[in-house]
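Each chain, letter by letter, is given below.
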Amino acid sequence: MTQPQFIDFYTILPFTILVAWACLLLLVDLFIPRNRKGITAFLAALGLAGTLGYSVTQIGVSSTGFNGMVSLDGFSTFANILLLASGLFGIALAYGYIKRMGIERGEYYILLLFSVTGMMLMAQAADLIIVFLALELLSIPLYVLSAVSRKLDSEEAGLKYFLLGAFASGFVVYGTALVFGATGTTSLNGIFYAASSGDFSLLLTIGAALILVGFGFKVAAVPFHMWTPDVYQGAPTSITAFMAAGAKIAGFASLFRVFVIAFPLLAPDLTAVLWALSALTMIVGNLAAISQSNIKRMLAYSAIAHAGYILMAFVPYGNKDVMPTAIAAGLFYLVAYTVTNFGSWGVVIALEKAEGKGLELSDYAGLAKKYPALAAAMTVFMLSFIGFPPTLGLIGKFYLFRSAIAGGFTGLAIIGVITSLISAYYYLRVVVNMYMKEGDPVVEREPWLGFTTAVTAIATVVLSFVPQFLFLLAITAGFR
């Protein structure tokens, strides 16, 4: 057996730093008084910020570790930076919210850190066994956090998420076993070489399809989306916000890496399936959102629909000419979705009350008159979700539709445009309630919540004027 070398540990250094920090914080939290858990939040954010700073220094660095089981490259660094930023946003939204809801515990922040480590490992995994381990490391803390409030809805959300998550993990494990049976390896590069050395068997195709199903559950693609509305509604809102962005980033990062590196030869068999998954996810997500009166359920179906848009970038993955810009478009849209997602959930948290009130669309009536800045921010987020100018969502959809058309999937791009128009109905309903209906909403004022909402609103607009820099970063982070 080859002894681990320095380069092995260097490849996973950001992951190692965060794991070590989370374990240390687990011990330190024992000595922090129950009424001062804000210190744990600060220390957790410090760990994320430090790891984020180190990850930035790894831009342009490439290496592999542990016999090629993990990979450090532009793609993983891009995803890691986005995931660490999501962790910071998640803590900022949770800081005041979990105090207000009476669920403040030090373990909350530590579990969030462990979940981020799992997400980072998914982005770096270059072996199906590491993908599975990372998937569990990501998911188990989220199961616990979904049920952390001890209310019936929250416990139900945690149990549903756990059961469906275990179901998804089963698909990934079974698919991995079939792929190993067909190729004799679980390494992504090894699978590609084994498949390209001769006629690949039906076993390999079935294995890849099962892995795709497992990822479909994680990113909430139709028809594997059933858990999403109930879990998003029942879980504490700060966890819903973090889950909606973090799990999606990690799921798509791993999906892109696994299929682009290991299964490019299966593209002719899988392209039609991916096309159908993307189209169905956009259609079902947007149509189901129309009938929702609860904003958490509406945003849950919105998250499903946006998984369909991101899947659009994945459809031409077998076309070498289009693949780099398509993956870059997917990464760009993940950034746009993450920023908009945290901002919109920040507004939801501001209106939510301890007794669970403030979550109906009618509760937003009169918000513009009483809190104009908050209503303006929510308007920006809703317009970005639709793809209206001047927002990051518009630029993200433009890049996605362009890559779909370049790959020869004009029909899919048309479906994307039509479903975006349909989504305007339910997103603008929130805006209409805020500006055109009378009401007396009461908003919770929390410094970090307000900061997050303001920063994400500004970023959503300002970045839309200089998208080329972000897209350049995304395209240099793509696979070569």
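In the block above lies the structure referred to throughout.
Note that the coordinates shown come from a computational prediction; the quantities given were computed from them, not determined experimentally.

*Asks:* What is the right way to read the overall build of the protein chain from this model?
*Replies:* Within the protein chain, the regular secondary structure consists of 20 helices and two strands. In terms of overall size, the protein chain behaves like a compact globule, its C-alpha atoms giving a radius of gyration of 21 Å where 480 residues would be expected to give roughly 23 Å. Oriented by its inertia axes, the alpha-carbon framework of the protein chain measures out at about 70 × 55 × 40 Å. Across the 480 residues of the protein chain, 61% fall into the buried class. Within the protein chain, counting contacts between residues at least 6 apart in sequence, those at least 24 apart form 81% of the total.

*Asks:* Just checking my understanding: could you explain the pattern of salt bridges for this structure?
*Replies:* Pairing is possible between side chains that carry opposite charge, provided their charged atoms lie close to one another. Using the criterion set out here, one finds seven salt bridges in the structure. Residue Glu 156 is joined to Lys 160 by a salt bridge in which the shortest nitrogen-to-oxygen separation is 3.0 Å. With Glu 156 and Lys 160 both in helix 7 (residues 152-183), this residue pair falls four residues apart, about one helical turn. Between Lys 370 and Asp 440 there is a salt bridge whose closest N-O contact spans 2.7 Å.

*Asks:* Help me understand the nonpolar core, please; the structure alone is not making it clear to me.
*Replies:* In this structure, Phe 259, Phe 263, Tyr 317, Tyr 364, Met 378 and Met 382 are the most contacted members of the largest nonpolar core, which totals 170 residues. Per-element tally for this core: the top contributor is helix 14 (residues 323-351), with 19 residues. Discounting chain neighbours no more than four positions away, the residues touching Tyr 317 are Phe 259, Val 260, Phe 263, Pro 264, Leu 266, Ala 267, Leu 270, Leu 274 and Met 323.

*Asks:* I tried to follow helix 16 (residues 372-386) on my own but got confused; where do I start?
*Replies:* The α-helix advances 3.6 residues per turn, and as a result positions three or four apart in sequence lie on the same side. Helix length check: helix 16, at 15 residues, gives a terminal C-alpha distance of 21 Å against a target of 21 Å (1.5 Å per residue), a fit within 8%. For helix 16, the tally of buried residues reaches 12 of 15 residues, placing the bulk of the element in the interior. The set of residues buried in helix 16 consists of Leu 374, Ala 375, Ala 377, Met 378, Thr 379, Val 380, Phe 381, Met 382, Leu 383, Ser 384, Phe 385 and Ile 386. Among the structural elements, helix 13 (295-312), helix 14, helix 15 (367-370), helix 17 (392-406), helix 18 (410-436) and helix 19 (447-462) are those in contact with the buried residues of helix 16. In the stretch just after helix 16, Gly 387 is the one whose phi turns positive, near 105 degrees.

*Asks:* Can you walk me through the side chain of Thr 452 in this structure?
*Replies:* Note that Thr 452 resides in helix 19. Separated by 2.8 Å, the side chain of Thr 452 and the backbone oxygen of Trp 448 make a polar contact. Leave out the neighbours within four places in its chain, and Thr 452 touches Phe 89, Ala 92 and Leu 93.

*Asks:* What exactly am I supposed to notice about the packing of helix 13 against helix 16 here?
*Replies:* Packed helices, taken two at a time, are described by the angle their axes make and the gap between the axes. At their nearest, the axes of helix 13 and helix 16 sit 12 Å apart, and the two run at 35 degrees to each other. The residues of helix 16 that touch helix 13, namely those facing Ile 295, Met 298, Leu 299, Ser 302 and His 306, are Met 378, Met 382 and Phe 385.

*Asks:* Just checking my understanding: could you explain the packing of aromatic side chains for this structure?
*Replies:* Where two aromatic rings form a pair, the distance of their centres and the angle of their planes describe that pair. Under the defined criterion, the tally for this structure stands at 28 aromatic pairs. Considering the side-chain rings of Phe 9 and Phe 66, the 5.5 Å spacing of their centres and the 85 degrees angle between planes classify their relative orientation as edge-to-face. Taken together, the residues span a long stretch of sequence, with Phe 9 in helix 1 (residues 6-11) and Phe 66 in the loop between strand 1 (63-65) and strand 2 (70-72) at a distance of 57 residues. Each ring, one from Phe 385 and one from Tyr 427, has its centre 5.3 Å from the other, and the planes form 20 degrees; the classification is stacked. One end of the pair, Phe 385, is in helix 16; the other, Tyr 427, is in helix 18, and 42 residues separate them in sequence.

*Asks:* Sorry, what's going on with the environment of Leu 145 here?
*Replies:* Topologically, Leu 145 is positioned in helix 6 (residues 128-146). Looking at Leu 145, the relative accessible area reads 0%, which means it is buried. Taking the C-alpha atoms as reference points, Leu 145 and Ala 235, 90 residues apart in sequence, are found 7.7 Å from one another. With near-sequence residues (within four places) excluded, Leu 145 lies in contact with Tyr 108, Leu 111, Leu 112, Pro 236 and Ile 239.

*Asks:* Is there a simple way to explain the packing of helix 9 (residues 202-218) against helix 11 (residues 237-262) in this structure?
*Replies:* Contact pair helix 9 / helix 11: the axes reach a minimum separation of 10 Å and the direction vectors enclose 165 degrees. Relative to helix 11, helix 9 is oriented roughly antiparallel. Note on packing geometry: the crossing formed by helix 9 with helix 11 is left-handed. Along its contact with helix 9, which presents Ala 208, Ile 211, Leu 212 and Phe 215, the element helix 11 presents Gly 251, Ser 254, Leu 255, Val 258 and Phe 259.

*Asks:* What's the story with a nonpolar patch on the surface in this structure? I'm lost.
*Replies:* A cluster of nonpolar residues, Leu 463, Phe 465, Val 466 and Phe 469, forms a patch on the protein surface that exposes about 380 Å² of accessible area. Positionally, Leu 463 belongs in the loop between helix 19 and helix 20 (467-476). Taking the relative accessible area as the measure of exposure, Leu 463 reaches 30% and is therefore partly exposed.

*Asks:* For this particular structure, what's the right way to read the environment of Ser 278?
*Replies:* For Ser 278, the position within the fold is in helix 12 (residues 267-290). The class for Ser 278 is buried, based on a relative accessible area of 0%. Taking the C-alpha atoms as reference points, Ser 278 and Gly 308, separated by 30 residues in sequence, lie 4.4 Å from one another. Sequence-distant contacts of Ser 278, that is, excluding residues within four places in its chain, are made with Gly 308, Leu 311, Met 312, Val 315 and Leu 412.

Cut-offs applied
- Every chain is numbered on its own, with residues counted from 1 as its sequence reads.
- Only residues with pLDDT of 70 or above have their local features reported here, since the model is predicted, and side-chain atom pairs are shown and tallied only from 80 upward, although totals for entire chains, interfaces and linings are computed over all residues.
- Values shown for side chains rest on all heavy atoms present in the structure; no hydrogens or waters enter the calculation.
- The numbering of helices and of strands both runs from the N terminus, where a helix is a DSSP run of H or I of at least 4 residues and a strand a run of E of at least 2.
- Computation of the radius of gyration draws on C-alpha atoms alone. For the globule rule, the value is 2.2 Å times the number of residues to the power 0.38.
- Under the scheme applied here, a residue whose accessible area is under 20% of the maximum for its type counts as buried, over 50% as exposed, and between as partly exposed, the area being computed with a 1.4 Å probe on protein chains only.
- Should any heavy atoms of two residues lie within 4.5 Å, those residues are considered in contact.
- Salt bridge criterion: a side-chain nitrogen from Lys or Arg within 4 Å of a carboxyl oxygen from Asp or Glu.
- Nine residue types can take part in a nonpolar core, namely buried Ala, Val, Leu, Ile, Met, Phe, Trp, Tyr and Cys, and a core is a set of them joined through side-chain atoms within 4.5 Å.
- In a helix, the anticipated span is given by 1.5 Å times the number of residues less one.
- Here a polar contact is taken to be a pair of N or O atoms separated by no more than 3.5 Å, where protein atoms must pair a possible hydrogen donor with a possible acceptor and residues adjacent in sequence count only if both atoms sit in side chains.
- Angles run from 0 to 180 degrees between N-to-C directions of axes, and those axes are lines fitted to C-alpha atoms, restricted for helices to the stretch in contact.
- Centres within 6.5 Å are what make two rings of Phe, Tyr or Trp a pair, Trp counting through its six-membered ring; a difference in plane orientation under 30 degrees is then read as stacked, over 60 as edge-to-face, and the rest as tilted.
- Angle categories are assigned with fixed cut-offs, so that under 35 degrees is roughly parallel, over 145 is roughly antiparallel, 65 to 115 is roughly perpendicular, and the rest are oblique.
- Helix crossings get a hand from a simple test, with the near helix turned counterclockwise from the far one by less than a right angle marking a left-handed crossing and a clockwise turn marking a right-handed one.
- The patch calculation keeps residues exceeding 30% relative accessible area without a salt bridge and links them within 9 Å when they carry like charges or within 5 Å when they are nonpolar (Val, Leu, Ile, Met, Phe, Trp, Tyr).
- Areas reported here follow the Shrake-Rupley algorithm with a probe of radius 1.4 Å; residue values treat only the protein chains shown as occluding.

Interpretation in functional terms is not warranted from these geometric data alone.
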